[in-house]
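Listed below are the residues making up each chain.
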Amino acid sequence: MTTYLEFEKPLAEIEGKAEELRALARANAEMDVEKEAAALDKKAAQLLKDLYKDLSPWRKCLVARHPDRPHCRDYIETLFTEYTPLAGDRNFADDHAIMGGLARFHDTPVVVIGHEKGNDTASRIERNFGMARPEGYRKAIRLMDMAHRFKLPVITLVDTPGAYPGKGAEERGQAEAIARSTEKCLQIGVPLIAMITGEGGSGGAVAFATANRIAMLEHSVYSVISPEGCASILWKDAEKMREAAEALRLTAQDLKKLGVIDRIVKEPLGGAQRDRIATFAAVETEIATMLDELKGKKPAELIKDRRKKFLDMGSKGLAA
């Protein structure tokens, strides 16, 4: 069943009417409604195109958070083979908000790490809605160390509202764990590529996205803070999230101009959730392209390339 966002309500009405007509026809074989239903389908297709032609930053946030959008587990199951999950940080616990392990991508051994939000109430609670605790970042550090030791490329799939801000997480060193994960990204001598598939929220995302190559899905977002959090701080009013989203320059298109990311992965019309197969194919192609670009580079060269990339950020596009 299709889940519609707030701004998609007119589309929901048209597609709903078309489905009602077809349901009536299924119940009564003598009814011929295909012509009317086809006209509604055509109208819905045009409306969908109009709605997604020029999405505002706030609407892109809503699409990036869509509950039916593919998540880390979906990408791993579809794009990788021989996935062997590795659990725990060898210190405190296993954080289910972070998935990671050994796998093969196009028959190349890799380490894959990502945020997993879950796809129903039970799994979202188990995965803490993709908000990692310190042990999640320490698990990622352990996996990156292993990748460095065995010379395996690292692929990260970023989709998180941000790191978990709970009392226990802070007591166990949340800020230090994020900083160590970011530092580890800068230190490993293997290709590191990041794909932002939904929300790239704050330091929780940077901890996995300090990479040689960073790609974003067309309607994903990447920001130092959520629009609601920004509005609460600047205007003391979370309802000003639309204005905050505009100011934050959090869309893939803005971030490409600013040099924060390297490429944008086109999504199917209506967002990744409307055609998962096409989304998986596009992401697969971009990952393969980015890995090929880094293939054969020496460890020192990869580390230097990564450090320079982040030191150079902010030097272009600010007047855009």
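Just so it is clear, the structure is predicted and the values come from calculations on it, not from any experiment. Residues take numbers from 1 onward in each chain, read along the sequence in its written order. Side-chain atom pairs in this predicted model are given and counted only at pLDDT of 80 or more, local residue features only at pLDDT of at least 70, and totals for whole chains, interfaces and linings cover all residues. Excluding hydrogens and water, the side-chain values take into account all heavy atoms of the structure.

**Q** Lay out the side chain of histidine 71 in plain terms, naming residues and giving numbers.
**A** In this description a helix means any DSSP run of H or I spanning at least four residues, a strand means any run of E spanning at least two, and both kinds are numbered starting from the N terminus. Structurally, the position occupied by histidine 71 is in the loop between helix H3 (57-64) and helix H4 (72-79). Here the term buried applies to any residue with accessible area under 20% of the maximum for its type, exposed to any over 50%, and partly exposed to those in between, with areas from a 1.4 Å probe on protein chains only. Given a relative accessible area of 4%, histidine 71 falls into the buried group.

**Q** Any details on the pattern of salt bridges? Residues and values, ideally.
**A** Salt bridge, as applied in this entry: a Lys or Arg side-chain nitrogen positioned within 4 Å of an Asp or Glu carboxyl oxygen. Tallied over the full model, the rule gives 25 salt bridges. Here arginine 180 and glutamate 176 are joined by a salt bridge, their closest N and O atoms 3.0 Å apart. You can see arginine 180 and its partner glutamate 176 sitting in helix H8 (residues 174-187), 4 residues apart, about one turn around the helix. For arginine 180, a relative accessible area of 43% translates into the label partly exposed. Relative accessible area serves as the criterion here: at 36%, glutamate 176 is assigned to the partly exposed category. Lysine 308 is the partner of aspartate 312 in a salt bridge, and the nearest nitrogen-oxygen pair spans 2.6 Å. By relative accessible area, which is 35% here, aspartate 312 ends up partly exposed.

**Q** Would you mind going over the layout of surface pockets in detail, with residue names and values included?
**A** Residues are said to line a cavity or pocket when one of their atoms sits within 4 Å of a point; the points come from a 1 Å grid over protein atoms alone, cavities being sets where a 1.4 Å probe fits but cannot get out and pockets being open sets with protein on both sides within 12 Å along at least five of seven lines. Grid points are joined across faces, edges and corners, and a volume is the space filled by probe spheres set on the points. Considering only enclosed or pocket space, the largest pocket measures out at about 380 Å³ in volume. As for the largest pocket, its lining consists of 20 residues, of which Thr108, Pro153, Pro191, Leu291 and Lys295 are closest to the centre. Contributing elements (two or more residues each) for the lining of the largest pocket: strand S3 (108-115), helix H13 (276-294) and helix H14 (299-311). Take the lining of the largest pocket: its biggest share by element is 4 residues, from H13. Classification used: nonpolar for Ala, Val, Leu, Ile, Met, Phe, Trp, Tyr, Cys and Pro, charged for Asp, Glu, Lys and Arg, polar for all others including Gly. Of the residues in the lining of the largest pocket, the class split is 11 nonpolar, 5 polar and 4 charged.

**Q** Can you explain the side chain of threonine 251? Please cite residues and give values.
**A** Of note, threonine 251 is situated in the loop between helix H11 (241-248) and helix H12 (252-257). What qualifies as a polar contact is a pair of N or O atoms within 3.5 Å, subject to a donor-acceptor requirement within protein and to the restriction that residues adjacent in sequence count only when both atoms come from side chains. Within polar-contact distance, the side chain of threonine 251 engages the backbone nitrogen of aspartate 254 at 3.2 Å. In what follows, a contact means two residues having at least one pair of non-hydrogen atoms within 4.5 Å. The residues contacting threonine 251, other than those within four sequence positions of it, are Pro57, Lys60, Met216 and Ser220.

**Q** Mind laying out the packing of helix H6 (residues 134-149) against H8, listing which residues take part and the relevant values?
**A** The interhelical angle for the contact between H6 and H8, taken along N-to-C directions, is 20°, at an axis separation of 8 Å. It follows that H6 is roughly parallel to H8 by the angle criterion. Of the two elements, H6 crosses H8, and the hand of that crossing is left-handed. Residues Pro134, Tyr137, Arg138, Ile141, Met144 and Asp145 of H6 form the contact with H8, whose own contacting residues are Gln174, Glu176, Ala177, Ile178, Arg180, Ser181, Lys184 and Cys185. Considering only residue class, the contact of H6 with H8 consists of 7 nonpolar, 2 polar and 5 charged. Interaxial angle, 0 to 180 degrees, is taken between N-to-C directions of lines fitted to C-alpha atoms, where a helix line uses only the stretch in contact. Orientation labels follow simple angle bins: below 35 degrees gives roughly parallel, above 145 gives roughly antiparallel, 65 to 115 gives roughly perpendicular, and whatever is left gives oblique. Put simply, a crossing is left-handed when the front helix is turned counterclockwise from the back one by less than a right angle, and right-handed when it is turned clockwise.

**Q** Describe the environment of arginine 69, listing the residues and the values that go with them.
**A** Structurally, the position occupied by arginine 69 is in the loop between H3 and H4. It is 9.9 Å that separates the C-alpha atoms of arginine 69 and threonine 279, two residues lying 210 residues apart in sequence. Aside from chain neighbours lying at most four places away, what touches arginine 69 is Val63, Ala64, Thr197, Gly198, Leu217, His219, Ser220, Glu267, Ala272, Gln273 and Arg276.

**Q** A description of empty space enclosed by the protein should follow, citing residues and the corresponding values.
**A** Which parts of space are left empty comes out when a probe the size of a water molecule is rolled across the atoms. Tallied over the entire structure, the rule returns 1 cavity of 30 Å³ or more. Of the pockets and cavities examined, the largest cavity occupies roughly 100 Å³. Contributing to the lining of the largest cavity are 15 residues, with Glu199, Gly201, Val221, Ser226 and Pro227 lying nearest its centre. For the lining of the largest cavity, the secondary structure elements donating two or more residues are strand S5 (192-201) and strand S7 (221-223). Each residue belonging to the lining of the largest cavity can be placed in one class, and the counts come to 7 nonpolar, 6 polar and 2 charged.

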